[in-house]
Amino acid sequence: MRKILLILGLIIVLGACLLLFFFTPEKLTPENPAGKTIYYALINDSGVQDNNKRYDYEVTAYSKKGKEKKLEFSAGKQLRKGAYVQLYYTRIRGVTYWAEVPYEELPVIVQQKYEK
């Protein structure tokens, strides 16, 4: 019985250590880019307002290397049509943060995708 309790205790301690290592508070804050892939997108429509008065957007976004990905996110306000946004994306949580950025701050590869 003692051995079983000791093994269970070690498993719990090991699990807690792994959680602390992989899910540090810095990585869990939405506006921190640590552990997230950054994508850039152009807002083409006015979004769809849901029951919570948030605006839902579905965009084609590009990574710094030019990789294309369809992303969905919501915003508390209606975004300006024609605005460029930077999106922080994780596989599990989706888009955790967005911010409007000027065209000049987009990576060159992304600028080429959106040639003005």
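Scroll up to find the structure.
Here the residue numbering is sequential within each chain, running from 1 through the sequence in written order. Owing to the predicted nature of the model, reporting of local features is limited to residues with pLDDT of at least 70; listing and counting of side-chain atom pairs is limited to 80 or more, with chain, interface and lining totals taken over all residues. With hydrogens and water stripped out, all remaining heavy atoms of the structure feed into the side-chain values.

### Some details on the overall build of the chain
Consideration 1: Labels follow the DSSP assignment, with helices taken as runs of H or I lasting at least four residues and strands as runs of E lasting at least two, numbered in each case from the N terminus. When its secondary structure is counted, the chain shows 3 helices and 6 strands.
Consideration 2: When its helices and strands are written in sequence order, the chain yields α-α-β-β-β-β-β-β-α.
Consideration 3: A simple rule labels every residue: compare its accessible area, found with a 1.4 Å probe on the protein chains alone, to the largest value its type can have, and call it buried under 20%, exposed over 50%, or partly exposed in between. With 116 residues in all, the chain has 33% of them scored as buried.
Consideration 4: When contacts within the chain are restricted to residue pairs at least 6 apart in sequence, those whose partners lie at least 24 apart make up 43%.
Consideration 5: In the form shown here, the chain has an accessible surface area of approximately 8400 Å², with 58% of it arising from carbon and sulfur atoms. We call two residues contacting when some pair of their heavy atoms lies within 4.5 Å. In short, Shrake-Rupley with a 1.4 Å probe defines the accessible areas, and a residue's cover is counted only from the protein chains shown.

### Comments concerning unusual backbone geometry
Consideration 1: Phi is positive for Lys53, which is not a glycine, with a value near 65°.
Consideration 2: Relative to the assigned elements, Lys53 resides in the loop between β2 (48-49) and β3 (55-63).

### Looking at the side chain of Gln111
Consideration 1: Mapped onto the elements, Gln111 comes out in helix α3 (residues 108-113).
Consideration 2: Here Tyr103 takes part through its backbone oxygen, which lies 2.9 Å from a polar atom of the side chain of Gln111. Any pair of nitrogen or oxygen atoms within 3.5 Å is treated as a polar contact; in protein, a donor-acceptor pairing is required on top of that, and neighbouring residues in sequence qualify only through side-chain atoms on both sides.

### A few points about the nonpolar core
Consideration 1: Side-chain atoms within 4.5 Å are what join buried Ala, Val, Leu, Ile, Met, Phe, Trp, Tyr and Cys residues into a set we call a nonpolar core. By size, the foremost hydrophobic cluster in this structure holds 26 residues, and its most contacted members are Tyr57, Val59, Leu71, Phe73, Leu87, Leu106 and Tyr114.
Consideration 2: Among the secondary structure elements, those contributing two or more residues to this core are β1 (37-42), β3, β4 (68-75), β5 (84-90) and β6 (94-101).

### Some remarks on the packing of aromatic side chains
Consideration 1: Working definition: a ring pair exists when centres of Phe, Tyr or Trp rings (six-membered ring for Trp) sit within 6.5 Å. Plane angles under 30 degrees give stacked, over 60 give edge-to-face, the rest tilted. All chains considered together, the criterion is met by 6 aromatic pairs.
Consideration 2: Geometrically, the ring pair formed by Tyr39 and Tyr89 is edge-to-face, given 5.9 Å between the ring centres and 80° between the ring planes. Here Tyr39, found in strand β1, pairs with Tyr89, found in strand β5; they are 50 residues apart in sequence, far enough to count as distant.
Consideration 3: Overall, the relative accessible area of 4% leaves Tyr39 in the buried class.
Consideration 4: Site record: aromatic cluster; members linked through ring pairs are Tyr62, Tyr84, Tyr103 and Tyr114.

### Side note on a nonpolar patch on the surface
Consideration 1: Like-charged residues within 9 Å of one another, or nonpolar side chains (Val, Leu, Ile, Met, Phe, Trp, Tyr) within 5 Å, are grouped into patches, provided each residue has over 30% relative accessible area and no salt bridge. We define a salt bridge as a side-chain nitrogen of Lys or Arg found within 4 Å of a carboxyl oxygen belonging to Asp or Glu. A contiguous nonpolar patch, built from Met1, Ile4, Leu5, Ile7, Leu8 and Ile11 and spanning about 670 Å² of accessible area, is present on the exposed surface.
Consideration 2: Looking at the secondary structure, you find Leu5 in helix α1 (residues 2-22).

### Description of the environment of Gln49
Consideration 1: Its place among the elements puts Gln49 in strand β2.
Consideration 2: Assessed through its relative accessible area of 44%, Gln49 is described here as partly exposed.

### Considering the pairing of β6
Consideration 1: Strand pairing requires that DSSP identify at least two bridges connecting the strands. Pairing of β5 with β6, which is carried by 7 bridges, proceeds in the antiparallel orientation. Looking at β6, one finds that Thr90 is bridged to Gly94.

### Observations concerning the pairing of β3
Consideration 1: Two elements, β1 and β3, share 3 bridges in a ladder whose sense is antiparallel. Each bridged residue has a counterpart across the sheet, and for Tyr39 the counterpart in β3 is Ser63.
Consideration 2: Across 2 bridges, β2 lies against β3 in antiparallel orientation. Each residue of the ladder has a partner; that of Gln49, found in β3, is Tyr55.
Consideration 3: Remark: 5 residues form the turn of the hairpin made by β2 and β3, two consecutive strands paired antiparallel; Lys53 in that turn has positive phi of roughly 65°.
Consideration 4: Pairing of β3 with β4 involves 8 bridges; the strand directions are antiparallel. Within β4, the residue paired with Glu58 across the bridge is Glu72.

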